[in-house]
There are 2 protein chains.
Amino acid sequence: MIPSTRSRRSPVDRFDERRNELAESALLTLGELGYARTSLRDIAKHSPYSHGVLHYYFADKLELVSYSVTYYKERCVHRYDDVVQRSQSAQELLEGFADKLAETILDEAPMHRLWYDLRVESMFDERLRDTVLRIDQALEDMIWRIVTRYAELADREVTMDPTSAYAVFDGLFQAALLKHVTGDPTALPTLVGQVHQLLPRTLGPLPHEAAREKAAREKTVDAVR
Amino acid sequence: MIPSTRSRRSPVDRFDERRNELAESALLTLGELGYARTSLRDIAKHSPYSHGVLHYYFADKLELVSYSVTYYKERCVHRYDDVVQRSQSAQELLEGFADKLAETILDEAPMHRLWYDLRVESMFDERLRDTVLRIDQALEDMIWRIVTRYAELADREVTMDPTSAYAVFDGLFQAALLKHVTGDPTALPTLVGQVHQLLPRTLGPLPHEAAREKAAREKTVDAVR
DNA sequence: CTCGCGTCTGGACAACTGTCAAGTAACGTC
DNA sequence: GACGTTACTTGACAGTTGTCCAGACGCGAG
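Definitions and cut-offs
- Once a new chain begins, its residue numbering starts again from 1 and follows that chain's sequence as written.
- Just so you know, chain letters begin at A and ligand numbers begin at 1, following the order they were written in.
- Since the coordinates come from a predicted model, pLDDT governs what is reported: local features require at least 70, and pairs of side-chain atoms require 80 or more to be given and counted, while whole-chain, interface and lining totals use all residues.
- Residues below a pLDDT of 70 in either copy are left out; the C-alpha atoms of the rest, at least 70 in both, set the least-squares superposition of the copies.
- Contacts here follow a simple rule: the backbone-placed C-beta atoms of the two residues must lie within 7 Å.
- Helix and strand assignments follow DSSP, with helices taken as H or I runs no shorter than four residues and strands as E runs no shorter than two, numbered in order from the N terminus.
- Residue polarity follows a fixed list, in which Ala, Val, Leu, Ile, Met, Phe, Trp, Tyr, Cys and Pro are nonpolar, Asp, Glu, Lys and Arg are charged, and the others, Gly among them, are polar.
- A helix is expected to span 1.5 Å multiplied by its residue count minus one.
- Exposed residues have 12 or fewer other C-beta atoms within 10 Å of their own C-beta, buried residues have 20 or more, and partly exposed residues fall in between, where C-beta atoms are placed from the backbone.
- To decide whether a residue is near a molecule or strand, its C-beta atom is placed from the backbone and checked for lying within 6 Å of it.
- Each domain's extent was defined by an automatic or database domain assignment.

With that settled, the discussion passes to the relation of the copies chain A and chain B. Between the two copies, chain A and chain B, the superposition gives an RMSD of 0.0 Å; the rotation angle is 180° and the shift along the axis is 0.0 Å. What the superposition gives is, in effect, a two-fold axis relating one chain to the other. A symmetric contact is evident, with 100% of the interface residues of chain A recurring at the interface of chain B.

What follows is the structure, given as structure tokens:
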């Protein structure tokens, strides 16, 4: 029966429970093998069920994968909310953010490489695009919450747009992930250092320096002339 | 016969010529379909030959793909050399770099998404790692030549390490590529603007401002105490 | 107990994959 | 012009894939 049109049986919906259970199994397998190399039979082997059941709960492979990744990412776009809320100073937020970035690579490298796998895949297969773009936007928002709160705590202006901010941290993160996966032990410490350098650069000058610098800049223009 | 042990026939080596010809066909197909979905028969269809010939010139699919991508990237790691050499001012270099980044997305989007496909793939398949890491290093060097020359022309110090510089520009580039591929017409103009913002941030303060700023910062520390 | 529906199994299918080997055509050299 | 090497084609192989389906299981309602 088609899942979307099926009649639900009980208030506690076991159908969705099973979907989530299978999503977990799928994530485990996908993170290990990657999207292309993972077959439905592989996923079933990582679950208590046989391969036929997957088509009972999901229309096809694509729906299963999309659902699984969305299911995972929903959890992790709030990974830094704690740090953002608790931090009392810009420095504390910076350190918490950097540490947590490195920590999640250590803990969930397979999930992250799966995400990048799917994002790239979406450049070839447009059926994945909606899912990917939605998640990407959620991640951009996540980074933006960090950057704006950081600016607030530092009493400075953000001088970088949300898209750029996400892109540059994503670049650092992805590079660190690649190095980490290839067995480079310096990947994570390096990432922490890089974030310490980069996050302050998303901001403008210190407020009481702003005026002075503006003056200096005008003077410079004169000097050049 | 195994290519690597075969005896070469003539001074003008037609064996390598054919390899390159097949690499071109492979790149065309891989850029269109992605690594996972491209079969050797697909590649052969984009060439004047039949599918069997691929195993005459390459040991297996992996060698073909590695060779093809290396073959392509060798050409494009020098894409910005002209701009670096010709530019007479920091501003000119900045504009030339930003424009060329956008231009290559417009012209060679399939090749770029293929590169990202393979780089992600290398996180799952270690047989790809050597090839990927070598190319990645070449790209980092490429970016570093631009950043250092930019700093030179601007008479300022680079205050970002090579790895970070590559990672952040790669992040912007990849995000722009994704948006471009999904049909967003603002992707490329946005990228140009982002690069204009970012490249100056790889540098420290203007030299005649450095001393003044240093003094200001020390004063700040006192004020905070 | 039994019926019916929701759940799940395991096999079958056709399509496709990388790889390879046997056979054919083209080429250059003697 | 004949011969042998090189270059290329074609068909076959074994394995894997997503998908589907007929049937079996099990649980709750009547």
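In the Ramachandran plot, Asp155(A) falls in the positive-phi region, its phi being about 55° despite a non-glycine side chain. Positionally, Asp155(A) belongs in the loop between helix 7 (129-154) and helix 8 (162-181).

Attention now moves to the interface of chain A and chain B. Listed by partner, the interface residues are 35 residues for chain A and 35 residues for chain B. Those elements that provide at least two residues to the side of chain A that touches chain B are helix 6 (90-124), helix 7, helix 8, helix 9 (187-198) and helix 10 (207-224) of chain A. Here the side of chain A that touches chain B is composed, by residue class, of 17 nonpolar, eight polar and 10 charged.

Residue pairs spaced three or four apart in an α-helix point in one direction, given the helix's 3.6 residues per turn. Residues and elements named next belong to chain B. Along its 16 residues, helix 4 (residues 61-76) runs 23 Å from first to last C-alpha, staying within 8% of the 22 Å computed at 1.5 Å per residue. All of the buried residues in helix 4 are Leu64, Val65, Ser66, Ser68, Val69 and Tyr72. Here the buried face of helix 4 lies against helix 1 (14-33), helix 3 (54-57), helix 6 (90-121) and helix 7 (129-154).

Time to look at the protein's contact with DNA strand C. As a structural note, the neighbourhood of DNA strand C is formed by 19 residues, with Tyr49(A), Ser50(A), Gly52(A), Ser39(B) and Asp60(B) the closest of them. Elements with a contribution of two residues or more to the surface near DNA strand C: helix 1 (14-33) of chain A together with helix 2 (40-45) of chain B. Tallying contributions element by element places helix 1 of chain A first for the surface near DNA strand C, with three residues. Partitioning the surface near DNA strand C into residue classes produces five nonpolar, eight polar and six charged.

Taken together, 19 residues sit near DNA strand D, with Ser39(A), Asp60(A), Tyr49(B), Ser50(B) and Gly52(B) positioned nearest. Of all the secondary structure elements, the ones that give two or more residues to the surface near DNA strand D are helix 2 (40-45) of chain A together with helix 1 of chain B. Among the elements that take part in the surface near DNA strand D, helix 1 of chain B stands out by supplying three residues, more than any other. Residue classes in the surface near DNA strand D are distributed as five nonpolar, eight polar and six charged.

All names here are of chain A. Along the polypeptide, Leu54 turns up in helix 3 (residues 54-57). Taking the C-alpha atoms as reference points, Leu54 and Arg41, separated by 13 residues in sequence, lie 9.1 Å from one another. The contact partners of Leu54, leaving out residues within four places of it in the chain, are Leu22, Leu40, Ile43, Ala44 and Leu64.

The next subject is the domain arrangement of chain A. Quoted interface sizes are often the accessible area lost when the parts come together. All names here are of chain A. Taken domain by domain, chain A consists of domain 1 (12-60) and domain 2 (77-205). If you average the C-alpha positions of domain 1 and of domain 2, the two centres end up 28 Å apart. Contacts between the two partners involve six residues from domain 1, matched on the other side by six residues from domain 2. Classifying every residue of the side of domain 1 that touches domain 2 gives three nonpolar, two polar and one charged.

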